[in-house]
Amino acid sequence: MFDEPLRVPPLLGIADETILVERARVRGTARRGERGADLEGSLRATVRMPCSRCNESFEIGLSVEFFLVLVAGEERPGSGAQGAEEEDAALYHAPDGRADLVDICSEQIYLNLPLKPVCSSGCKGLCPRCGANRNRTECGCGEECADPRLAPLLRFRKPQ
Ligand SMILES: [Zn+2]
Ligand SMILES: [Zn+2]
């Protein structure tokens, strides 16, 4: 049984944006399993990443449950066949027989990041014309930006 705070280095997002990981904590159990060690964990972290609409950085709380089988040794080359890959999805290869919790948790955080993070459901994003943050200023291009063809979609996107 372990329960400890982690210092997770910043991650790099798909658009090369920096994602800071703060207040990460992992708890769980490691047991000897059939193929190596079975690691069951639950991870909590606060990540800071830029909003996909307005680009301002904001905090998101993540809570991730994971189960991994730790196997000593390198990943075998050529084992990348489709079927094998699916079966091995929960395998974690530890080359020197030691699992690095920070490494494992970085990966789990990465896998659970939202694809289109938004700072708030009402974020107005950047003006496509002048680039102003429309949460902060009325840039004046506003009226023309509202394309009447998008109106039905906008109605959809309103939170319930
Ligand atoms: Zn935003
Ligand atoms: Zn504008």
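Just so it is clear, the model here is predicted, and its values are computed rather than measured. (Residues numbered from 1 in each chain as written. Chains lettered and ligands numbered in written order. Predicted model: local features only at pLDDT ≥ 70, side-chain atom pairs only at ≥ 80, totals over all residues. Heavy atoms only, no water.)

Observations concerning the coordination of the zinc ion (ligand 2)
Working step 1: The zinc ion (ligand 2) binds to the protein through Cys127 (SG), Cys130 (SG), Cys139 (SG) and Cys141 (SG); the donor distances cover 2.3 to 2.4 Å.
Working step 2: Considering all four donor atoms around the zinc ion (ligand 2), angles at the metal cover 104 to 116° and the coordination shape is tetrahedral.
Working step 3: Read from N- to C-terminus, the donor residues coordinating the zinc ion (ligand 2) fall into the pattern C-x2-C-x8-C-x1-C. Here the residue Cys127 occupies a position in the loop between helix 2 (101-111) and helix 3 (142-145), and Cys141 occupies one in the loop between helix 2 and helix 3, the gap between them amounting to 14 residues. (Donors = N, O, S within 2.8 Å, 3.2 Å for Na, K, Ca; no water. Tetrahedral: all angles 85-135°; square planar, octahedral: opposite > 155°, others 65-115°. Helix = DSSP H or I, 4+ residues; strand = E, 2+ residues; numbered from the N terminus.)

Considerations on the environment of Gly41
Working step 1: Mapped onto the secondary structure, Gly41 falls in strand 4 (residues 37-50).
Working step 2: Considering only alpha carbons, one finds Gly41 and Asp3, 38 residues apart in sequence, at a separation of 9.4 Å.
Working step 3: Beyond its immediate chain neighbours, meaning those up to four positions away, Gly41 contacts Arg27, Gly28, Val64, Glu65 and Phe66. (Contact = heavy atoms within 4.5 Å.)

Considerations on unusual backbone geometry
Working step 1: One non-glycine residue with positive phi stands out, namely Asp16, at about 65°.
Working step 2: Examined against the element boundaries, Asp16 turns out to sit in the loop between strand 2 (11-12) and strand 3 (18-32).
Working step 3: Residue Asn55 is not a glycine yet carries a positive backbone phi of 70°.
Working step 4: By the element assignment, Asn55 lies in the loop between strand 4 and strand 5 (57-72).
Working step 5: A relative accessible area of 54% places Asn55 in the exposed class. (Buried < 20%, exposed > 50% of the residue type's maximum accessible area, 1.4 Å probe, protein only.)

Observations regarding the coordination of the zinc ion (ligand 1)
Working step 1: Here the zinc ion (ligand 1) is held by Cys51 (SG), Cys54 (SG), Cys119 (SG) and Cys123 (SG), and the distances to it run 2.3 Å.
Working step 2: Classification of the site at the zinc ion (ligand 1) as tetrahedral follows from its four donor atoms and the range of 106 to 112° in their angles at the metal.
Working step 3: Every donor residue of the zinc ion (ligand 1) comes from the same chain, spaced as C-x2-C-x64-C-x3-C.
Working step 4: Taking relative accessible area as the criterion, Cys119 reaches 32% and is therefore assigned partly exposed.
Working step 5: Overall, the relative accessible area of 7% leaves Cys123 in the buried class.

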